[in-house]
Amino acid sequence: MLIYVVRHGETRSNVEGRLQGQSNDELNESGVRLAAITGQGMRGIHFDECITSPLIRARDTAKLILQESGNGDTPVLYDDRLKEISFGIYEGKRIGVDVPLDVMKDFLHDPFHYEGVEGGETVLQVCSRTQEFLRELAARDDGKTYLVATHGCALRCMLNMLYDDPSDFWQGRVPYNCSVNKIEANAGELKLVEMDKVYYDLAETVDRYKRF
């Protein structure tokens, strides 16, 4: 059983340094293009089923990848557990402008102790729901191949239990837009065999949180 987990493509909020959380931003022109390139790079992989966050940016990334990889007829399902972390009252706000930097300090540098903000979630809460999803999917043990589309923090939360060093939450950075992670699942056991692969030119990758 194979599970490919991908982060959504770029959005305007990504470019503007805004906290998207569970707000419903669409892909921008670059996001559409990189998702299409990612799909083209994944030609030859047959996806039996796609499960995606219902948020537009993840949903559209998944559909573009399926279309461009030759899997346009693959069934697409939605799961709320794949949504991005909620930033509550700060959703849509710009980091360092509308969002005080001290609010983001733990999220970016000590995420396991990030306590969230009013109306939002903690990193540990997102770990709980995303890992529940992954274990439930792996328990099918059906030999099929799945595409899963989600978000930056949600992806790191989901895969945290599979990293060589789980204490390093971000694994050096927020995953790049449209980066792909490949998981092998056998009898419910999970193994990360490919991490944060990008199918487009590495010169186009952007770590927008590095400056914080």
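The rules behind these values
- Residues numbered from 1 in each chain as written.
- Predicted model: local features only at pLDDT ≥ 70, side-chain atom pairs only at ≥ 80, totals over all residues.
- Heavy atoms only, no water.
- Helix = DSSP H or I, 4+ residues; strand = E, 2+ residues; numbered from the N terminus.
- Rg over C-alpha atoms; globule rule 2.2 N^0.38 Å.
- Contact = heavy atoms within 4.5 Å.
- Areas by Shrake-Rupley, 256 points an atom, 1.4 Å probe, with all protein chains shown as cover.
- Lys, Arg positive; Asp, Glu negative; His and termini not counted.
- Charge placed at Lys NZ, Arg CZ, Asp CG, Glu CD.
- Axes fitted to C-alpha atoms, helices over the stretch in contact; angles between N-to-C directions.
- Parallel < 35°, antiparallel > 145°, perpendicular 65-115°, else oblique.
- Left-handed = near helix turned anticlockwise from the far one by under 90°.
- Salt bridge = Lys/Arg side-chain N within 4 Å of Asp/Glu carboxyl O.
- Buried < 20%, exposed > 50% of the residue type's maximum accessible area, 1.4 Å probe, protein only.
- Phe/Tyr/Trp six-rings, centres within 6.5 Å; stacked < 30°, edge-to-face > 60°.
- Polar contact = N/O pair within 3.5 Å; in protein donor to acceptor, adjacent residues only side chain to side chain.
- Core = buried A, V, L, I, M, F, W, Y, C linked by side-chain atoms within 4.5 Å.
- Pairing = 2+ DSSP bridges.

Colleague: Honestly, the overall build of the protein in this entry has me stumped. Any pointers?
Modeller: In terms of helices and strands, the protein carries six helices and six strands. Counting from the amino terminus, the protein carries its helices and strands in the arrangement β-α-α-β-α-β-α-α-β-α-β-β. Relative to a compact globule of 212 residues, whose C-alpha radius of gyration would be 17 Å, the protein shows 16 Å and is just as compact. Judged by the C-alpha coordinates and their principal axes, the protein covers about 45 × 35 × 30 Å. Long-range pairs, those at least 24 residues apart, make up 74% of the contacts in the protein with a sequence separation of at least 6. About 9700 Å² of surface is accessible on the protein, with carbon and sulfur atoms providing 43% of the total. Counting 25 positive and 35 negative side-chain charges, the protein places the averaged centre of each group 3 Å from the other.

Colleague: Can you walk me through the packing of helix 5 (residues 123–138) against helix 6 (residues 152–159) in this structure?
Modeller: Two quantities define a packed helix pair, namely the angle between the axes and the distance from one axis to the other. Where helix 5 contacts helix 6, the axes come no closer than 7 Å and their chain directions differ by 65°. Relative to helix 6, helix 5 is oriented roughly perpendicular. Here helix 5 runs over helix 6; the crossing is right-handed. The segment helix 5 lies against helix 6, with Val123, Val126, Cys127, Thr130, Gln131, Phe133 and Leu134 engaging Cys153, Ala154, Cys157, Met158 and Leu159.

Colleague: Explanation requested: the pattern of salt bridges in the structure shown.
Modeller: Evaluated as defined, the whole model comprises 13 salt bridges. Note that glutamate 16 is salt-bridged to arginine 18, the shortest N-O span being 2.7 Å. Glutamate 16 gets classed as partly exposed once you look at its relative accessible area, which sits at 36%. According to the relative accessible area criterion, arginine 18 is partly exposed, its value standing at 24%. Residues participating in the shared-partner salt-bridge network are Asp79, Arg81, Glu132 and Glu136.

Colleague: Looking at this structure, how should I read the packing of aromatic side chains?
Modeller: Given two aromatic rings, one states the distance between the centres and the angle between the planes to describe the pair. Per the counting criterion, the structure on display carries six aromatic pairs. Measuring from centroid to centroid gives 5.6 Å for tyrosine 4 and phenylalanine 47, while their planes differ by 90°, and the two rings are edge-to-face. A residue pair is termed long-range when its members are at least 10 positions apart, and tyrosine 4 in strand 1 (residues 2–7) and phenylalanine 47 in the loop between helix 2 (29–41) and strand 2 (49–52) qualify at 43 residues. Ring geometry for phenylalanine 87 versus phenylalanine 107: centroids 5.2 Å apart, planes at 85°, classification edge-to-face. Here phenylalanine 107 lies in helix 4 (residues 101–109) and phenylalanine 87 lies in the loop between strand 3 (76–78) and helix 4, a separation of 20 residues in the sequence. By relative accessible area, phenylalanine 107 is classed as buried at 3%. The structure contains a cluster of three or more aromatic residues connected by ring pairs, namely Phe87, Phe107, Phe112, Tyr114, Phe169 and Trp170.

Colleague: So what exactly am I meant to see when it comes to the side chain of glutamate 49 here?
Modeller: Among the secondary structure elements, glutamate 49 is positioned in strand 2. Side chain to side chain, glutamate 49 and arginine 140 meet in a polar contact 3.2 Å long.

Colleague: Explanation requested: the nonpolar core in the structure shown.
Modeller: Considering soluble globular proteins, one finds that nonpolar side chains tend to be buried as a cluster. Within the largest apolar cluster, 20 residues are counted, with the highest numbers of intra-cluster contacts made by Ile85, Phe107, Val123 and Cys153. Contributing elements (two or more residues each) for this core: helix 4, helix 5 and helix 6.

Colleague: Just to check I follow, could you spell out the sheet that holds strand 5 (residues 180–186) for this structure?
Modeller: The strands that make up a sheet are held in pairs by hydrogen bonds between backbone atoms, and each pair lies either parallel or antiparallel. Strands sit in the order 3-2-4-1-5-6 across an open sheet of six strands; the sheet is mixed. On the outer flanks of this sheet lie strand 3 and strand 6 (189–197), each paired with one strand and no other. Strand-to-strand, the axes of this sheet are offset by a mean angle of 20°, without reference to chain direction. Pairing of strand 1 with strand 4 (residues 145–150) involves six bridges; the strand directions are parallel.

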